[in-house]
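Chain by chain, the residues:
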Amino acid sequence: MKPLNPHNLILNTDSYKVSHYAQFPKGMTYASWYIESRGGDSNFVRFFGLQAFLIEYLSKGVSLEDVEEAKAVFLAHGLPFPEEGWRYIAQDLGGRLPVRIRAVPEGRVVPVHNPLVIIESTDPKVPWLPGWLETALLRAVWYPTTVCTVSWGIRNTIKEYLEKTADDPEAELPFKLHDFGARGVSSLESAGLGGMAHLVNFMGTDTVTALIYARNYYGAEMAGYSIPAMEHSTVTSFGRTGEAQAYRQMLETFAKPGALLAMVIDSYNREHAVGQIIGEELRELIQQSGATVVIRPDSGDPPFVVLRTVQTLEAKFGATLNQKGYKVLNGVRVIQGDGVNADTIRKVLFLLEQWGYSASNVAFGMGGALLQHPHRDTQKFAQKLHLVTVDGETYGVGKSPVDDPGKLSKKGRLDVIQDERGIRTVELPLDDPQPHPQSILQTVFETVRSSGATPGRRCGATAEAARDIYTSSVR
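Cut-offs and rules
Residues numbered from 1 in each chain as written. Predicted model: local features only at pLDDT ≥ 70, side-chain atom pairs only at ≥ 80, totals over all residues. Heavy atoms only, no water. Helix = DSSP H or I, 4+ residues; strand = E, 2+ residues; numbered from the N terminus. Buried < 20%, exposed > 50% of the residue type's maximum accessible area, 1.4 Å probe, protein only. Contact = heavy atoms within 4.5 Å. Areas by Shrake-Rupley, 256 points an atom, 1.4 Å probe, with all protein chains shown as cover. Lys, Arg positive; Asp, Glu negative; His and termini not counted. Charge placed at Lys NZ, Arg CZ, Asp CG, Glu CD. Pairing = 2+ DSSP bridges. Axes fitted to C-alpha atoms, helices over the stretch in contact; angles between N-to-C directions. Phe/Tyr/Trp six-rings, centres within 6.5 Å; stacked < 30°, edge-to-face > 60°. Lys NZ or Arg CZ within 6 Å of the ring centre and 35° of its normal. Salt bridge = Lys/Arg side-chain N within 4 Å of Asp/Glu carboxyl O. Polar contact = N/O pair within 3.5 Å; in protein donor to acceptor, adjacent residues only side chain to side chain. Expected span 1.5 Å × (residues − 1). Arc of directions from axis to C-beta. 1 Å grid on protein atoms, 1.4 Å probe; cavity = no way out; pocket = protein on both sides within 12 Å on 5 of 7 lines; lining within 4 Å. Points joined across faces, edges and corners; volume = space filled by probe spheres on them. Nonpolar A, V, L, I, M, F, W, Y, C, P; charged D, E, K, R; others polar. Core = buried A, V, L, I, M, F, W, Y, C linked by side-chain atoms within 4.5 Å. Parallel < 35°, antiparallel > 145°, perpendicular 65-115°, else oblique.

A separate point is the overall build of the protein. Helix and strand content of the protein: 16 helices and 19 strands. Its C-alpha atoms give the protein principal-axis dimensions of roughly 80 × 60 × 40 Å. Within the protein, the proportion of its 475 residues that are buried is 53%. Summarising the internal contacts of the protein: among those between residues at least 6 apart in sequence, 73% fall at separations of at least 24. Split by element, the accessible area of the protein, about 20,800 Å² in all, is 49% carbon and sulfur. Computing the positive centroid from 48 side-chain charges and the negative centroid from 53, the protein places the two 1 Å apart.

Pairing within the open sheet is parallel, and its 6 strands lie in the order β7-β6-β13-β12-β9-β8. Lying at the two open borders of the sheet, with one neighbouring strand each, are β7 (204-205) and β8 (260-264). Along the sheet, helix α14 (residues 342-354) contacts β6 (177-179) and β13 (362-366); its crossing angle with β13, the most-contacted strand, is approximately 170 degrees.

Here we take up the packing of aromatic side chains. The geometry of two aromatic rings is summed up by the distance between their centres and the angle between their planes. Enumeration over the complete set of coordinates arrives at 12 aromatic pairs. Note on Tyr213 and Tyr217: the rings are 5.4 Å apart at their centroids and 85 degrees apart in plane angle, and the pair reads as edge-to-face. A residue pair is termed a helical-turn pair when its members lie 3 or 4 positions apart in one helix, as Tyr213 and Tyr217 do in helix α8 (residues 208-218) at 4 residues. The rings of Tyr21, Phe74, Phe81, Trp86, Trp128 and Trp132 are connected pair by pair, giving a single aromatic cluster. Above the face of the Tyr161 ring, Lys164 is positioned so that its terminal group lies 4.4 Å from the ring centre. Over the ring of Tyr357 we find Lys327; its NZ or CZ atom is 4.3 Å from the centre of that ring.

Quick look at the pattern of salt bridges now. Close approach of charged atoms lets side chains of opposite charge pair. Taken as a whole and assessed by the stated rule, the structure comprises 21 salt bridges. The partner of Arg102 in a salt bridge is Asp415, and the shortest N-O contact between them spans 3.5 Å. Remark: Asp415 occurs in strand β16 (residues 413-419) and Arg102 occurs in strand β3 (residues 99-103); sequence separation between them is 313 residues. You can call Asp415 buried: its relative accessible area is 0%. We note a salt bridge from Glu280 to Arg283, for which the minimum N-O separation is 3.8 Å. Residue class for Glu280 comes out partly exposed when judged on its relative accessible area of 36%. The partly exposed category is assigned to Arg283, whose relative accessible area is 25%. One network of salt bridges, in which partners are shared, links Glu68, Lys71, Glu83 and Arg87.

So, on to the environment of Glu446. When you line up the elements, Glu446 lands in strand β18 (residues 442-448). Since its relative accessible area comes to 17%, Glu446 is described here as buried. Separated by 346 residues in sequence, Glu446 and Arg100 have C-alpha atoms that sit 4.2 Å apart. Within the structure, Glu446 has its side chain in polar contact with the side chain of Arg100 (distance 2.7 Å).

For helix α2 (residues 64-76), spanning 13 residues, the distance from its first C-alpha to its last is 18 Å, which sits close to the expected 18 Å at 1.5 Å a residue. Of the residues making up α2, those classed as buried are Asp66, Val67, Glu69, Ala70 and Phe74. The arc that holds every buried residue of α2, seen down its axis, measures 165 degrees, which confines them to one face. Turned more than 90 degrees away from the buried face of α2 sit Glu65 and Ala76, all of them exposed. Lining the buried residues of α2 we find α3 (83-92) and α4 (129-132).

Inspection of the secondary structure puts Arg270 in helix α11 (residues 270-281). Using a relative accessible area of 15% as the deciding quantity, one classes Arg270 as buried. When neighbours within four sequence positions are excluded, Arg270 is seen to be in contact with Ile265, Pro297, Ser299, Phe304, Val305, Arg308 and Thr309.

Taken as a whole, the largest pocket spans an internal volume of roughly 1,000 Å³. Residue lining of the largest pocket: 36 residues in total, with His178, Phe180, Ile227, Ala262 and Ile335 positioned closest to the centre. In this structure, the second largest pocket occupies an estimated 500 Å³ of space. Taken together, 27 residues make up the lining of the second largest pocket; nearest its centre are Val150, Ile154, Asn341, Ala342 and Met366. Secondary structure elements with two or more residues in the lining of the second largest pocket: α5 (134-165), α14, β13 and α15 (368-371). Residues of the lining of the second largest pocket, tallied by class, amount to 10 nonpolar, 14 polar and 3 charged.

In this structure, Leu50, Trp86, Met196 and Tyr470 are the most contacted members of the largest nonpolar core, which totals 130 residues. In terms of residues, this core owes the most to one element, α5, which gives 13 residues.

Time to look at the packing of helix α7 (residues 188-198) against α8. Running from amino to carboxyl end, α7 crosses α8 at an angle of 70 degrees, the nearest separation of the two axes being 7 Å. With respect to α8, the axis of α7 lies roughly perpendicular. On α8, the residues touching Leu188, Glu189, Ala191, Gly192, Leu193, Gly195 and Met196 of α7 are Thr209, Ala210, Tyr213, Ala214, Tyr217 and Tyr218. Classifying every residue of the contact of α7 with α8 by side-chain character gives 9 nonpolar, 3 polar and 1 charged.

As paired elements, β16 and strand β17 (residues 422-428) share 7 bridges and run antiparallel to each other. Of the residues in β17, the one forming a bridge with Asp419 is Gly422. The antiparallel hairpin formed by β16 and β17 contains 2 residues in its connecting segment.

Turning our eyes to something else, we now look at unusual backbone geometry. A positive phi is found at Asp298, a non-glycine position, where the angle reads about 60 degrees. Mapped onto the fold, Asp298 is located in the loop between β9 (292-296) and α13 (302-317). Judged by relative accessible area, Asp298 falls into the buried class, the value being 5%. The backbone of Lys380 shows a phi angle near 50 degrees, a positive value even though the residue is not glycine. Residue placement: Lys380 occurs in the loop between α15 and β14 (381-390). On the basis of relative accessibility, which here comes to 42%, the residue Lys380 falls in the partly exposed class.

Here it is, written out as structure tokens:
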């Protein structure tokens, strides 16, 4: 039995898509789909991730070998296969996919209910192609965009509290939410896509795959940073009676002037670790080191645990009132890395503020809730057909379910513009294919064939702009 090629783009679809070519009107020569968030947890989304998909998948096209393999798979699977269309793409078009994709600039915050991507056919022989690509394209958009949106929302929350309670919010903000999610996602690709989506908003990560993806797809030399940090194994390996020695060795190794390091303290008894070992036995070593030691309490109810740890550290190391009248710990900080989500972060920050502590004292590590919990319906993503040409007539199409008005789709020739009213969707004349003068959509992928000429392809038109996503000025 011959193994199948998991990178065969023709197989990167849903089974029911395979017979759709024969279900559209026989005279259809053009079709256009759009992708949008139809609402969800946030009223805005921060668009991100399309560039990676274009480079890794769409730009590589298809081969005759891919066509033969897909034909065999789908026929055995019980489905018809549009062999003529795919052979035309592989042979006559050199494997290039005859579609045009326009999208909002990556990193842009857009209100929901606006198209983020429009994909249209550019060859009348295969107008069904954008629909075939929906499975892969929608997945490539919804996941990184949803992670980026979750991270962006948390960024706004932390920024709010830093602006109220910290002296230099902009300097602190980029490192206040650290990605702990690599081990909690379902795949390596999810770690890379979700991890680099988070880095649009912050600069702290332990997801190494995100660094690879950000460099390979967006040209970011180094998109994120980390610090030496303990885990429970490096504490428990000393045995329970050796807990203090584990911390001491960590400090003696990494606590240098100006350095940052993190120590987890809930392997046994958090109160004893922070109050006695760190706050008494190792206090002088920490104070004389010139480093900032970040304490990770983790276990327990996050708001209570963080507040209690901050209070204990204040009792042992002291605190200084900043210019806004909030207390900032001397030489130590706290990071909470367990049970962290948007709700617990807000609760922790609120509680600290109520007790007179600056948000400067705490950072957060977020894992599964950042990279794994988001799903397609978190922001209700969908791809819908909105415009077709059949027998020479171009007209708008859409769905309007009686039982769910929330699934009403847009129809007509669409564009997304930005004017004095903000970002919004407009419907253009059917007979004018030109973009609106104030359109924010950019052509990021295009294959066009005319008059028998060799097909030309445009891919990654926003690559240069995308590099700006990972500059500190944006984050």
